[in-house]
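Listed here are the chains, written in short residue letters.
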Amino acid sequence: MCETRLLYSGDSVTVSQCVHCRVLFIWHGNILLSFTSEKFSSFRRAINSFGYEAQYQYFADGEERLVVSTPNPEISFAFTAEEWASFKNALNEAAYMQEIYALMV
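Just so we're clear, the structure is a prediction, and the values are computed from it rather than from any experiment.

Draft legend 1. Region of the structure containing helix 1 (residues 37-49). The end-to-end C-alpha distance of helix 1, which contains 13 residues, comes to 19 Å, matching closely the 18 Å that a straight helix rising 1.5 Å per residue would cover. Packing partners of the buried residues in helix 1 comprise strand 3 (24-28), strand 4 (31-35), strand 6 (64-69) and helix 2 (81-104).

So this is what it looks like as structure tokens:
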């Protein structure tokens, strides 16, 4: 595993970045995503472009969730409104911390 620097930790989301290879890791629940810096920026822009209110679906448990499709049609993410806000906040805070660390170099 990489030597990571914590960029964000809160609620159920942790974002860190390898200090050597610069790969970013996003842990959310039992999911681990990894991105290059460029792909992370692209992913964050895509996530920020979603509007929760317009794209929710009701699930069998009666909860409404936003379904985010991935390039792999067999894999989608489902977020409650609270999880969605927390996830977006984590990505944005991590990007902010990336900028701060870049200024320190």
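What follows continues from the structure just given.
Draft legend 2. Region of interest: unusual backbone geometry. Backbone geometry places Asp-11, a non-glycine residue, at a positive phi of 45°. Along the polypeptide, Asp-11 turns up in the loop between strand 1 (4-10) and strand 2 (13-18). Owing to a relative accessible area of 71%, Asp-11 belongs among the exposed residues under this scheme.

Draft legend 3. Broad picture of the packing of helix 1 against helix 2. Contact geometry of helix 1 with helix 2 gives a least axis separation of 10 Å together with a crossing angle of 140°. One way to sum up the angle between helix 1 and helix 2 is to call them oblique. Between helix 1 and helix 2 lies a crossing of left-handed hand. Facing helix 1, whose interface residues are Ser-37, Phe-40, Phe-43, Arg-44, Ile-47 and Asn-48, helix 2 presents Trp-84, Phe-87, Lys-88, Leu-91, Asn-92, Ala-94, Ala-95 and Gln-98. Partitioned by chemical class, the residues of the contact of helix 1 with helix 2 number 8 nonpolar, 4 polar and 2 charged.

Rules used throughout
- Residues numbered from 1 in each chain as written.
- Predicted model: local features only at pLDDT ≥ 70, side-chain atom pairs only at ≥ 80, totals over all residues.
- Heavy atoms only, no water.
- Helix = DSSP H or I, 4+ residues; strand = E, 2+ residues; numbered from the N terminus.
- Expected span 1.5 Å × (residues − 1).
- Contact = heavy atoms within 4.5 Å.
- Buried < 20%, exposed > 50% of the residue type's maximum accessible area, 1.4 Å probe, protein only.
- Axes fitted to C-alpha atoms, helices over the stretch in contact; angles between N-to-C directions.
- Parallel < 35°, antiparallel > 145°, perpendicular 65-115°, else oblique.
- Left-handed = near helix turned anticlockwise from the far one by under 90°.
- Nonpolar A, V, L, I, M, F, W, Y, C, P; charged D, E, K, R; others polar.

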